[in-house]
Amino acid sequence: MAMKSRVSSLWLGLFSAAFLAPLACHDATAADTAVTWKLNAWEPPFDYSRQPTTIDYEPVGKAAKSWRICASYPHLKDSYWVSVNYGMVEQARSAGVKLTVVEAGGYPNVDRQIEQIRTCSANADALIVGTVSYEGLTPTIKEIAQRIPVIATVNDIDDAGIAAKTGVSWEEMGQSIGAYLARLHPTGSMPVKVAWFPGPKGAGWVKFVETGFQRALKQSSANIAAVKWGDTGVEIQLLLIEELLEAEPDIDYIVGSAPTADAAVSILRAQGRANHVQILADYFTHGTYREIIRGKVVAAPTDSPPLQGRIAIDQAIRAIEGTLRYRHVGPPVEVIDRTNVQSLDLERSLAPAWFKPTFEVQ
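Below: a short report on this structure. (Residues numbered from 1 in each chain as written. Predicted model: local features only at pLDDT ≥ 70, side-chain atom pairs only at ≥ 80, totals over all residues. Heavy atoms only, no water.)

**Let's talk about the overall build of the protein chain**
Each helix and strand in the protein chain was counted, giving eleven helices and 15 strands. Whereas a compact globule of 362 residues would reach a radius of gyration of roughly 21 Å, the protein chain reaches 20 Å, a difference of no more than 12%. For the C-alpha atoms alone, the extent of the protein chain along its principal axes is close to 60 × 45 × 40 Å. Burial statistics for the protein chain: of 362 residues in total, 59% are counted as buried. (Helix = DSSP H or I, 4+ residues; strand = E, 2+ residues; numbered from the N terminus. Rg over C-alpha atoms; globule rule 2.2 N^0.38 Å. Buried < 20%, exposed > 50% of the residue type's maximum accessible area, 1.4 Å probe, protein only.)

Rendered as structure tokens:
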């Protein structure tokens, strides 16, 4: 009970810091309304093993009709998906389409997401899916795809039934932060011990970020001393980190999801170990942004979640209207640390502080 109470207190403090603290330098009025977006495009689509080409992507100005779009997220438990939500909401308003958002509540909830997308898509002109499982939704998506276009966004998914995909290579995300660590500790240098928190087993992005990270570490002196799997909810990550630090008190690095990084900052501070364990994240949120500035998190790659949300809405409109040219696109990945965090285009990477999760655009 003492551990649960301590974790709950840490979680409440972390939640307040991550979601209520304003981003002073984030201009809430600076909507990403550029005529073109510089994106990566994969051809043939859905094959991340090929090198993408760089394109100037022109979003639709106004949709031909007020189309009804359903978007399903794995959760809204961290600010990453809130940022995706922000991009979708702003693009839906800009293009003049209706948007309904549902969220499954976490990666274990495959059946819940299946039920949600069946209900939500029944009266929709297109479905956007950020999936909780790589293959778990495939039969349902194939069924829905017979009626309306299905757009995959952010999390990778089996290609069956998918009209288009908005995303980045999660292998690249994992490899980029693994390569960053390898540059700090190249092969032949003094070994360091790493605790690796890949995320929830079975999620559409985890096996890819795991592959990329493990591959990059082969060029380093880093040794993975412990692996902790689990949902990306902050409270779960707090518990996993406490378990890890009890079992491996001499760990040098904690590497994992953005909520892992946020939780690690709080626990290491509470235990007086902030100067002894370094933290890296494999994706970027408000929490990692703040902690990189403070020097508490070393680095994290951004895949521009708000921009991915915008692209997904635009792809859905184009799929409905028959003007879809690029079936697989996404923003370039950029690793952020203290050397470049001040020059980051916040509008592409984070929802503004004033934005609250929005479930309907009429």
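Structure shown, so let's carry the discussion forward.
**A few points about the packing of aromatic side chains**
How two aromatic rings sit relative to each other is given by the distance of their centres and the angle of their planes. Here the structure, examined in full by the defined rule, presents 13 aromatic pairs. On the basis of an interplanar angle of 75° and a centroid distance of 5.1 Å, the ring pair of Y80 and Y283 is categorised as edge-to-face. Taken as a pair, Y80 in helix 2 (residues 79–95) and Y283 in the loop between strand 11 (278–281) and helix 9 (286–294) lie far apart in primary sequence, 203 residues in all. Classification of Y80 by relative accessible area gives buried; the value is 3%. (Phe/Tyr/Trp six-rings, centres within 6.5 Å; stacked < 30°, edge-to-face > 60°.)

**Overview of helix 2**
Between the first and last C-alpha of helix 2 there are 24 Å, a value that for 17 residues agrees with the 24 Å anticipated at 1.5 Å per step. In this structure D78 caps helix 2, since a side-chain oxygen of it lies 2.8 Å from the backbone nitrogen of Y80. Just past helix 2, the residue G96 takes up positive phi, approximately 80°. (Expected span 1.5 Å × (residues − 1). Polar contact = N/O pair within 3.5 Å; in protein donor to acceptor, adjacent residues only side chain to side chain.)

**Quick notes on the nonpolar core**
One finds M88, L99, I128, W170 and I317 to be the most contacted residues of the largest nonpolar core, which totals 64 residues. In terms of residues, this core owes the most to one element, helix 2, which gives nine residues. When sequence neighbours within four positions are dropped, the list of residues in contact with L99 reads I69, A71, M88, V89, A92, I313, F359, E360 and V361. Membership of the second largest hydrophobic core comes to 30 residues, among which are F197, A226, L245 and L344. (Core = buried A, V, L, I, M, F, W, Y, C linked by side-chain atoms within 4.5 Å. Contact = heavy atoms within 4.5 Å.)

**Describing empty space enclosed by the protein**
Within the structure shown, the criterion is met by one cavity of 30 Å³ or more. If you add up the space inside the largest cavity, you get close to 60 Å³. In this structure, the largest cavity is lined by H75, D78, Y80, W81, Y107, V154, N155, W170, W205, T232 and Y283. Per-class residue counts for the lining of the largest cavity are seven nonpolar, three polar and one charged. (1 Å grid on protein atoms, 1.4 Å probe; cavity = no way out; pocket = protein on both sides within 12 Å on 5 of 7 lines; lining within 4 Å. Points joined across faces, edges and corners; volume = space filled by probe spheres on them. Nonpolar A, V, L, I, M, F, W, Y, C, P; charged D, E, K, R; others polar.)

**So, the state of the cysteines**
Per the stated rule, a full pass over the model turns up one disulfide. Between the sulfur atoms of C70 and its disulfide partner C120 the distance amounts to 2.0 Å. Looking down the S-S bond of the C70 and C120 bridge, the torsion is 130°, so its handedness is right-handed. Residue C70 is found in strand 3 (residues 68–73), and its partner C120 is found in helix 3 (residues 110–121); the two are separated by 50 residues along the sequence. The burial state of C70 is the same as that of C120; both residues are buried. (Disulfide = S-S within 2.5 Å.)

**Describing the layout of surface pockets**
If a probe the size of a water molecule is rolled over the atoms, the empty space left behind becomes visible. What the second largest pocket holds in volume is close to 370 Å³. Contributing to the lining of the second largest pocket are 22 residues, with Y48, S49, S169, E171 and E172 lying nearest its centre. The set of elements that each furnish at least two residues to the lining of the second largest pocket consists of helix 5 (170–184) and helix 6 (206–217). Per-element accounting of the lining of the second largest pocket gives the leading share, five residues, to helix 5. Per-class residue counts for the lining of the second largest pocket are nine nonpolar, five polar and eight charged.

**Description of the sheet that holds strand 15 (residues 360–361)**
Working definition: the strands of a sheet are paired by backbone hydrogen bonds and lie parallel or antiparallel to each other. Read across the open sheet, the nine strands follow the order 2-1-13-7-6-5-3-4-15; overall the sheet is mixed. Strand pairing shows two members of the sheet lacking a second neighbour, strand 2 (53–57) and strand 15, which therefore form its edges. Pairing geometry for strand 3 and strand 5 (residues 126–129), over four bridges, is parallel. By the bridge assignment for strand 5, A71 is matched with I128. Its contacts with the sheet put helix 3 on strand 3, strand 4 (98–103) and strand 5, and the angle it makes with strand 3 is roughly 175°. (Pairing = 2+ DSSP bridges. Axes fitted to C-alpha atoms, helices over the stretch in contact; angles between N-to-C directions.)

**Looking at helix 7 (residues 234–247)**
With 14 residues, helix 7 ought to run about 20 Å at 1.5 Å a step, and its terminal C-alpha atoms sit 20 Å apart, in line with that. Of the positions making up helix 7, those classed as buried are V234, Q237, L238, L240, I241, E242, L244 and L245.

**Digging into the packing of helix 3 against helix 4 (residues 138–145)**
Their axes nearest at 10 Å, the elements helix 3 and helix 4 cross at an angle of 10°. Comparing the axis directions of helix 3 and helix 4 gives the class roughly parallel. Each of I114, I117, R118 and S121 in helix 3 lies in contact with helix 4, whose residues at this interface are T140, I141, E143 and I144. When grouped by side-chain class, the residues that make up the contact of helix 3 with helix 4 number four nonpolar, two polar and two charged. (Parallel < 35°, antiparallel > 145°, perpendicular 65-115°, else oblique.)

**Things to note about the environment of S343**
Position of S343 among the secondary structure elements: in the loop between strand 14 (334–337) and helix 11 (346–349). Take S343: its relative accessible area is 63%, and that puts it in the exposed class. A C-alpha to C-alpha distance of 30 Å links S343 and Y73, two positions 270 residues apart in sequence. Within the structure, the side chain of S343 is placed 3.0 Å from the backbone oxygen of N340, a separation counted as a polar contact.

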